[in-house]
Amino acid sequence: MVAVGHGRHVQEGVEVTVSVECAALDPFRWYRNVIRDELPDAVAVLDAFHVVRLAGNALDEVRRRVQPAMLGRRGHKDDPLYRIRRALLTDVEHLTDRQRARLDKWLPLGDPDSEVEVTWHVYQHVRSIYTATSPAVGRKTAEKVLESLHTCPVEPAKGRAARFVIA
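All values derive from a computational prediction rather than experimental measurement. (Residues numbered from 1 in each chain as written. Predicted model: local features only at pLDDT ≥ 70, side-chain atom pairs only at ≥ 80, totals over all residues. Heavy atoms only, no water.)

Draft legend 1. Representation of the overall build of the protein chain. Check the secondary structure of the protein chain and you find 8 helices and 4 strands. Reading the secondary structure of the protein chain in the N-to-C direction produces β-β-β-α-β-α-α-α-α-α-α-α. For the protein chain, the residues scored as buried account for 34% of the 167 residues in total. Long-range pairs, those at least 24 residues apart, make up 49% of the contacts in the protein chain between residues at least 6 apart in sequence. Carbon and sulfur atoms make up 53% of the accessible area of the protein chain, which totals about 11,300 Å². (Helix = DSSP H or I, 4+ residues; strand = E, 2+ residues; numbered from the N terminus. Buried < 20%, exposed > 50% of the residue type's maximum accessible area, 1.4 Å probe, protein only. Contact = heavy atoms within 4.5 Å. Areas by Shrake-Rupley, 256 points an atom, 1.4 Å probe, with all protein chains shown as cover.)

Following this line, the structure appears as structure tokens:
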């Protein structure tokens, strides 16, 4: 007996063959293990939401590391990187003029070694993979991101983005 849908069953004696070539999943190891064990011929890929979210988490991690290193404490509302934390996670095409001005003003003050800025650019490139005008353009962008990540001087940006875009 083969179960399909919501509790419906195919009649006994009827054989159904399902071929799964690609499985989109969340970035939790359990899902990947299930795909590997139950669908060995399928390619496991992360969905766009989770890839972008992981890149955003890496950006936020770098921001939260740089800020106390520079100031000697956690961020406060008037600190440069804390002021722009939301703008950093906004798609560059959707930044308002005010957000752009704030980034231009506060990013150099709060990020003297450009670690946050470099990670922000990686984040924007990862986002652009999924907002490309066509799958071919998205693929080319992904290839460029992956080819350039090994030269990224900021470890969280390099490690996380590569790990999850490749997966």
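Draft legend 2. Just the pairing of strand E3 (residues 22–25), in detail. Burial along E3 is one-sided: Ala23 and Leu25 are buried, and none of Cys22 and Ala24, which face the opposite way, are. Pairing analysis gives 4 bridges linking E3 to strand E4 (residues 43–46), with the strands arranged parallel. In the strand pairing of E4, Cys22 is matched with Val43. Viewed along the sheet, the connection from E3 through helix H1 (residues 29–38) into E4 turns out right-handed. (Pairing = 2+ DSSP bridges. Right-handed = clockwise from strand over helix to strand, strands pointing away.)

Draft legend 3. Representation of helix H7 (residues 135–149) within the structure. For H7, built from 15 residues, the straight-helix expectation of 21 Å at 1.5 Å per residue is met to within 8% by its first-to-last C-alpha distance of 21 Å. Where H7 is concerned, the buried positions are Gly138, Thr141, Ala142, Val145 and Leu149. Down the axis of H7, the smallest arc covering the buried residues is 100 degrees, so these residues share one side. Along H7, exposed side chains directed more than 90 degrees from the buried face belong to Ala136, Arg139, Lys140, Lys144 and Glu147. (Expected span 1.5 Å × (residues − 1). Arc of directions from axis to C-beta.)

Draft legend 4. Quick peek at the pattern of salt bridges. Throughout the structure, instances matching the rule amount to 6 salt bridges. Arg83 is paired through a salt bridge with Asp78; the nearest N and O atoms lie 3.4 Å apart. (Salt bridge = Lys/Arg side-chain N within 4 Å of Asp/Glu carboxyl O.)

Draft legend 5. Structural view of the environment of Cys22. Looking at where Cys22 falls in the secondary structure, it is placed in strand E3. Taking the C-alpha atoms as reference points, Cys22 and Ala42, separated by 20 residues in sequence, lie 5.0 Å from one another. Setting aside chain neighbours within four positions, we find Cys22 in contact with Ala42, Val43 and Val45.

Draft legend 6. Here's a closer look at the packing of helix H2 (residues 48–71) against helix H6 (residues 115–130). Axis separation between H2 and H6 bottoms out at 9 Å; the angle between their running directions is 175 degrees. By the criterion of interaxial angle, the relationship of H2 to H6 is roughly antiparallel. Facing Ala48, Val51, Val52, Ala55, Gly56, Ala58, Leu59, Val62, Arg63, Arg65 and Val66 of H2, the residues of H6 in contact are Glu115, Val116, Thr119, Trp120, Tyr123, Val126, Arg127 and Tyr130. Residues that form the contact of H2 with H6 fall into these classes: 13 nonpolar, 2 polar and 4 charged. (Axes fitted to C-alpha atoms, helices over the stretch in contact; angles between N-to-C directions. Parallel < 35°, antiparallel > 145°, perpendicular 65-115°, else oblique. Nonpolar A, V, L, I, M, F, W, Y, C, P; charged D, E, K, R; others polar.)

Draft legend 7. The nonpolar core, seen in detail. Grouped together as the largest cluster of nonpolar side chains are 32 residues, with contacts concentrated most on Ile84, Leu88, Leu103 and Val116. Mapped onto this core, the elements with two or more residues apiece are E3, E4, H2, helix H4 (85–88), helix H5 (97–110), H6 and H7. Here this core gets 7 residues from one element, more than from any other, and that element is H2. Excluding residues that lie within four positions of it along the chain, Val116 makes contacts with Leu59, Val62, Arg63, Val66, Leu81, Leu88, Leu107 and Asp111. (Core = buried A, V, L, I, M, F, W, Y, C linked by side-chain atoms within 4.5 Å.)

What is shown is where atoms sit, not what they do.
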